[in-house]
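Architecture and fold: a report
The primary structure of each chain is shown beneath.
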Amino acid sequence: MQRRDFLNLIPAKFSENGGTSAEPVRLLSVSRSAMAGEFEISFDGSRYPQGTAAALDALDEIQRIERLLSIFLPDSRVQYINKVAAFEAVPLDEELFRLIEFALELSRETAGAVDITSTPLWKLWGFARREPRVPTESEIAAALQTVGSRFVEWDAANLTVRFARPGLELSFGCIGKGFALDAAARILEREGLNDYLLHGGLSSILARGNFRGETDPAKSGGWTVGVDHPMFPGTRLAEITLFDEALGTSGSQKQFFRHQGRRFSHIIDPRSGYPTEKTLLVSLLAPNAALADALSTAFFVMSPEEVERYCGDHPAVAALLVLASDRAPGFEIRSFGFTEKNLHFVGNV
């Protein structure tokens with residue numbers, strides 16, 4: 001499942017003495033295409049002369065992750081698992097095993113709202129071919145027989161994975177970009193970069209430190225990004241400031257279709273087999289990018305009450321929801337876990 005670009009970086013404005021300036025700070029940015037999107041790393045080139053070389057190494061790491069996880073590359077490790085795991089246990093390196101373990105545990109924690117085995121549903125609804133269709137109830141029921149983290153067996157002692165039934169497929173579209181950002185961040189930090197903004201297609205963002213290198217979070221200002229309104233393209237809905245956090249966004253502004261008066265999103269609830277209809281946008285804060293990515297997908301199909309409970313139980317997670325409404329102005333905004341310091345609505349929303 002792919003997510004669209006809803007975020008945009010708002011340049012900071014600082015002078016050399018730490019005050020505000022009329023001129024925006026000029027960040028040095030290094031970018032590369034990967035995972036069907038553009039990954040970009042921004043940092044202060046004057047303070048980090050090694051930054052460009054480090055950024056290139058980090059982008060190499062992102063491409064390595066893509067070769068590992070992509071279901072669109074026939075020789076990826078995940079594709080090998082999908083071909084073999086129904087017949088025998090597949091040995092994994094610790095990196096991939098821990099990712100699968102993390103994804104399966106998060107699926108249980110969200111009662112199945114995010115599931116790395118949901119690819120058969122995505123294909124059934126035609127989104128894989130970009131030819132969306134409404135399948136029959138019997139087709140959905142059949143597809144659900146090959147969807148579910150409970151059918152993935154993993155052996156922590158031997159680092160192996162096996163499918164309990166044929167037809168299962170693993171896909172990391174809900175978490176892959178975030179996982180790649182976290183891996184890239186480790187490269188940057190190893191090379192001594194403590195202040196940078198890293199994003200993948202603008203739907204997945206990881207921020208560390210701040211442009212000025214201020215070590216006091218109360219003074220740093222963090223990194224601020226704008227969230228576009230899902231119903232009014234080009235119109236900013238809110239600004240979110242990141243303090244050593246990640247931001248994940250899922251939206252259906254461009255990937256949806258209508259059928260008999262109903263609006264079907266490309267994000268499918270793996271519990272029911274049906275796309276969500278009411279949720280238009282989810283943006284959430286989390287400590288790392290993999291978690292932010294996965295939860296933005298889970299929250300897209302969860303009810304606002306479920307999201308509120310999750311955020312209440314996990315203080316490090318905050319969520320912004322935009323929901324379709326039958327009442328004027330046609331949408332409803334809900335937020336959980338944010339403070340006035342890191343969420344600011346624009347205009348009169």
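Note that the coordinates shown come from a computational prediction; the quantities given were computed from them, not determined experimentally. (Residues numbered from 1 in each chain as written. Predicted model: local features only at pLDDT ≥ 70, side-chain atom pairs only at ≥ 80, totals over all residues. Heavy atoms only, no water.)

**Thoughts on the pattern of salt bridges**
For the coordinates displayed, the defined rule picks out 15 salt bridges. Glutamate 61 is paired through a salt bridge with arginine 64; the nearest N and O atoms lie 2.9 Å apart. Taken together, the positions of glutamate 61 and arginine 64, both in helix H1 (residues 51-69) and three residues apart, correspond to about one turn of that helix. Taking relative accessible area as the criterion, arginine 64 reaches 28% and is therefore assigned partly exposed. A salt bridge links arginine 271 to aspartate 269; the nearest nitrogen and oxygen atoms lie 3.0 Å apart. Its relative accessible area of 32% is what places arginine 271 among the partly exposed residues. We classify aspartate 269 as buried; its relative accessible area is 11%. (Salt bridge = Lys/Arg side-chain N within 4 Å of Asp/Glu carboxyl O. Helix = DSSP H or I, 4+ residues; strand = E, 2+ residues; numbered from the N terminus. Buried < 20%, exposed > 50% of the residue type's maximum accessible area, 1.4 Å probe, protein only.)

**A look at the packing of H1 against helix H6 (residues 176-190)**
Orientation of H1 relative to H6, taken along the N-to-C sense of each, is 145°, at an axis distance of 8 Å. As H1 packs across H6, the resulting crossing turns out to be right-handed. On H6, the residues that touch Ala54, Ala55, Asp57, Ala58, Glu61, Ile62, Ile65 and Leu69 of H1 are Gly176, Phe179, Ala180, Ala183, Ala184, Ile187 and Leu188. (Axes fitted to C-alpha atoms, helices over the stretch in contact; angles between N-to-C directions. Left-handed = near helix turned anticlockwise from the far one by under 90°. Contact = heavy atoms within 4.5 Å.)

**Quick look at the confidence of the model for the chain**
Of all residues in the chain, 85% attain a pLDDT of 70 or more, and the chain-wide mean is 87. For residues 1-7, every residue scores under 50 in pLDDT, and the model assigns this stretch 42 contacts once sequence neighbours within four places are set aside. (pLDDT = per-residue confidence, 0-100.)

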